[in-house]
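Fold and geometry: a report
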Amino acid sequence: MSLYQPEPVEISTRMRPGEWTEASLEELVSTYQAKILAMGAAVSEVLTEVVRNDDGSVAVAVSWNKGTYADEPEGGGFTNTEATNTESRGDTAGA
């Protein structure tokens, strides 16, 4: 195995209070995920982070976790099971 340091792939944005709704946020996240998948990412390599701030703004980042080695996924080992690796972090009280 050779060391592989892939270029990071991330689509992200921030939206001010009043610029988004729950429906538009969900649509935006789905669109970003679809774009990353269209670039060749496996579902298990797509990481999603949504941070809701106290002021009502929101930050969205969808990235492709390519791992450390070209032929080994992050965490090592291989699996035939596809799993969705989406996470929602941050304070949801401001929503």
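Residues numbered from 1 in each chain as written. Predicted model: local features only at pLDDT ≥ 70, side-chain atom pairs only at ≥ 80, totals over all residues. Heavy atoms only, no water.

**A short note on the nonpolar core**
Where we set the bar: Joining through side-chain atoms within 4.5 Å is the link that ties buried Ala, Val, Leu, Ile, Met, Phe, Trp, Tyr and Cys residues into a set, and such a set is a nonpolar core. Any residue under 20% of the maximum accessible area for its type is buried, any over 50% is exposed, and the rest in between are partly exposed; the area is computed with a 1.4 Å probe on protein chains only. The helix and strand labels rest on DSSP assignments: H or I over at least four residues marks a helix, E over at least two residues marks a strand, and numbering proceeds from the N terminus. Any pair of residues with heavy atoms lying within 4.5 Å of one another is described as a contacting pair.
If you look at the biggest cluster of nonpolar residues, it comprises 16 residues, and the most contacted ones within it are M15, L25, Y32, I36, V58, V60 and V62. When residues of this core are traced back to their parent elements, those giving at least two are β1 (9-15), α1 (22-38), β2 (46-52) and β3 (58-64). For this core, the leading source of residues is α1, giving five residues. The contacts of V58, once residues within four sequence positions are left out, are T13, R14, M15, W20, L25, V50, V51, R52 and N53.

**Observations concerning the packing of aromatic side chains**
Rule in force here: A pair of aromatic rings is counted whenever rings of Phe, Tyr or Trp (Trp by its six-membered ring) have centres within 6.5 Å, and the orientation is called stacked for planes under 30 degrees apart, edge-to-face for over 60 and tilted otherwise. Here, over-ring charges are defined by two tests on the NZ atom of lysine or the CZ atom of arginine: distance to the ring centre within 6 Å, and angle to the ring normal within 35 degrees.
Enumeration over the complete set of coordinates arrives at zero aromatic pairs. Directly above the ring of W64 sits K66, whose terminal nitrogen or CZ lies 4.6 Å from the centroid.

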